[in-house]
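# A look at the structure
The primary structure of each chain is shown beneath.
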Amino acid sequence: MGAGRALLAWLERAGVAAGCQTIELDSAVTRGDAHRFYARVGLSMSAFNFSMALAAGYGRTRNERD
């Protein structure tokens, strides 16, 4: 068993022991190999995560300026 599978197996055991119902993780969109690995071991993509850097000192939001 490789390190990734061993880590996920440990997380699963720890989660079950703690009464958790899900394992969730974030992965950068550029990590294609990781995404394929997660799919192979049974994880499914359940959401998209959006982010936006905030520029200090503008007084108006980016969407208000555009």
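Cut-offs applied
- Numbers given for residues are sequential positions, taken from 1 along each chain in its written order.
- Selection of residues for local features in this predicted model requires a pLDDT of at least 70, selection of side-chain atom pairs for listing and counting requires 80 or more, and totals for whole chains, interfaces and linings are taken over all residues.
- Each side-chain value is derived from all of the structure's non-hydrogen atoms; neither hydrogens nor water enter the calculation.
- Working definition: helices are DSSP H or I runs of at least four residues, strands are E runs of at least two. Numbering for both runs from the N terminus.
- Type-normalised accessible area, obtained with a 1.4 Å probe on protein chains alone, sets the label of each residue: buried when under 20%, exposed when over 50%, and partly exposed for intermediate values.
- All accessible-area figures derive from a Shrake-Rupley calculation using a 1.4 Å probe, and residue coverage is judged against the displayed protein chains alone.
- A cavity here means a set of 1 Å grid points, computed over protein atoms only, where a 1.4 Å probe fits but cannot escape. A pocket is an open set with protein on both sides within 12 Å along at least 5 of 7 lines, and lining residues have an atom within 4 Å of a point.
- Grid points are joined across faces, edges and corners, and a volume is the space filled by probe spheres set on the points.
- The nonpolar class holds Ala, Val, Leu, Ile, Met, Phe, Trp, Tyr, Cys and Pro. Asp, Glu, Lys and Arg form the charged class, and all remaining residues, Gly among them, are polar.
- Patches in this entry comprise residues that are over 30% relatively accessible and not in a salt bridge; like charges within 9 Å are linked, as are nonpolar side chains (Val, Leu, Ile, Met, Phe, Trp, Tyr) within 5 Å.
- Within this document, salt bridges are pairs made up of a side-chain nitrogen of Lys or Arg and a carboxyl oxygen of Asp or Glu, the two lying within 4 Å of each other.
- Expected helix span is computed as 1.5 Å times (number of residues minus one).
- Residue contacts are counted whenever heavy atoms from the two residues lie within 4.5 Å of one another.

### Side note on the overall build of the protein
- A count of helices and strands for the protein gives three helices and zero strands.
- Ordered by position from the N terminus, the helices and strands of the protein form the series α-α-α.
- Out of the 66 residues belonging to the protein, those deemed buried represent 6%.
- Accessible area for the protein stands at about 6,200 Å²; split by element, carbon and sulfur atoms hold 54% of it.

### Thoughts on the layout of surface pockets
- If you add up the space inside the largest pocket, you get close to 730 Å³.
- Looking at side-chain class alone, the lining of the largest pocket contains eleven nonpolar, five polar and two charged residues.

### Focus on a nonpolar patch on the surface
- Taken together, the side chains of L7, W10, L11 and I23 make up a nonpolar region of the molecular surface, amounting to roughly 390 Å² of accessible area.
- Summarising the element assignment, L7 is placed in helix α1 (residues 3–17).

### Brief notes about the pattern of salt bridges
- In total, this model carries one salt bridge according to the counting rule given.
- A salt bridge links D33 to R36, with the nearest nitrogen and oxygen atoms 2.4 Å apart. Of the two residues, D33 and R36 both sit in helix α2 (residues 32–40), three residues apart, roughly one turn of that helix.
- You can call R36 partly exposed: its relative accessible area is 49%.

### Quick word on α1
- Over its 15 residues, α1 extends 21 Å from the first C-alpha to the last, a length consistent with the 21 Å expected when each residue adds 1.5 Å.
- Two residues or fewer after α1 comes G19, characterised by a positive phi angle close to 80°.

### Structural notes on the environment of V41
- Along the polypeptide, V41 turns up in the loop between α2 and α3 (62–65).
- Taking the C-alpha atoms as reference, V41 lies 9.5 Å from G4; in sequence the two are 37 residues apart.
- What V41 contacts, discounting residues up to four positions off in sequence, is R5 and L8.

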